[in-house]
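Spelled out from the first residue to the last, the chains are:
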Amino acid sequence: MSIPSPRSQSPAVPVVAILAAVLGASVSTWRAGGDTALGPPDFHRRVSPAVRSAPSSGEGGVASVDCGPVVLSQNTDPVVIEIGNTVACGEQVPQTFTYENFVARVFPVADLFAIGCVEFGVESNEGGDTFVELTIFADDVVANPTTAAVLQIAVPIANGTTQQLFKVDLPPGVVVPAGGTFSVQLRTPDRDPSAGGDGGGIYLGSNNNGQSAPSYVKAATCG
């Protein structure tokens, strides 16, 4: 994932809620991606969130179209999405679909940081339109799983999406104090037909080109 310019997003994203929510009790604990098997699948590195600072206000208080000059990314290559690289918790037989999956990155910041936008990748989505739920936490959600969410946005993902980066605008006021930490989490929904899902499968973008800090994954169904 990356956090780039708020005004260059594709597609448009509706704000679902700004709330103080905690993770559901049914969700398993966080594991470092690429190192630990959750049930049968191995979770590989994700295209993690890259974070860009919010732009300064221009004349009349109108922000520039650029998201800001500072980019936070823990990926050596935050752009390339490799086909077949990402594994999500799901089923292959008799029907291929994915269960609810989570991936997160944790970002410490030295200076005051206003988050302007977030970018993440989708390797593929098949079986129907779906969404990725993006949540910002004002702390390390891996070390402190009851951390309250400060922002939550549902990003629509069209059926047939392949190797696409999504840039999500954030509203003003998502600010991390100097010396603070924030987390970016992506959740993909449970598409199990027996639980009312559409039987489709979505895989977030990833590559094996290196990272400076671990990504984290969890999926209740895979343990």
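Our structure is the block above this text.
None of these values were measured; they are calculated from a predicted model.

Caption draft 1: Representation of the pattern of salt bridges in the model. What the rule picks out here adds up to 3 salt bridges. Residue arginine 187 is joined to glutamate 100 by a salt bridge in which the shortest nitrogen-to-oxygen separation is 3.0 Å. Of this pair, arginine 187 sits in strand β13 (residues 181-188) while glutamate 100 sits in the loop between β6 (97-98) and β7 (101-108), and the two are 87 residues apart along the sequence. With a relative accessible area of 14%, arginine 187 lands in the buried category. On the accessibility criterion, glutamate 100 (22% relative accessible area) is partly exposed. Aspartate 198 is the partner of arginine 191 in a salt bridge, and the nearest nitrogen-oxygen pair spans 2.9 Å. Through salt bridges with shared partners, a single ionic network connects Glu100, Glu133 and Arg187.

Caption draft 2: Spatial organisation of the packing of aromatic side chains. What the rule picks out here adds up to 4 aromatic pairs. Between phenylalanine 113 and phenylalanine 182 the ring centres are 6.5 Å apart and the planes differ by 15°, which places this aromatic pair in the stacked class. Of the two residues, phenylalanine 113 is situated in strand β8 (residues 113-126) and phenylalanine 182 in strand β13; the sequence distance between them amounts to 69 residues. Taking the relative accessible area as the measure of exposure, phenylalanine 113 reaches 6% and is therefore buried. Ring geometry for phenylalanine 120 and phenylalanine 166: centres 5.6 Å apart, planes at 15°, overall stacked. With a gap of 46 residues between them, phenylalanine 120 in strand β8 and phenylalanine 166 in strand β11 (residues 162-169) connect regions that are remote in the sequence. Accessibility classification places phenylalanine 120 together with phenylalanine 166 in one group, the buried group.

Caption draft 3: Representation of the side chain of threonine 188. Within the secondary structure layout, threonine 188 lies in strand β13. In contact with threonine 188, not counting residues within four places along its chain, are Tyr99, Glu100, Asn101, Phe131, Val132, Ile202 and Leu204.

What counts as what
Residues numbered from 1 in each chain as written. Predicted model: local features only at pLDDT ≥ 70, side-chain atom pairs only at ≥ 80, totals over all residues. Heavy atoms only, no water. Salt bridge = Lys/Arg side-chain N within 4 Å of Asp/Glu carboxyl O. Helix = DSSP H or I, 4+ residues; strand = E, 2+ residues; numbered from the N terminus. Buried < 20%, exposed > 50% of the residue type's maximum accessible area, 1.4 Å probe, protein only. Phe/Tyr/Trp six-rings, centres within 6.5 Å; stacked < 30°, edge-to-face > 60°. Contact = heavy atoms within 4.5 Å.

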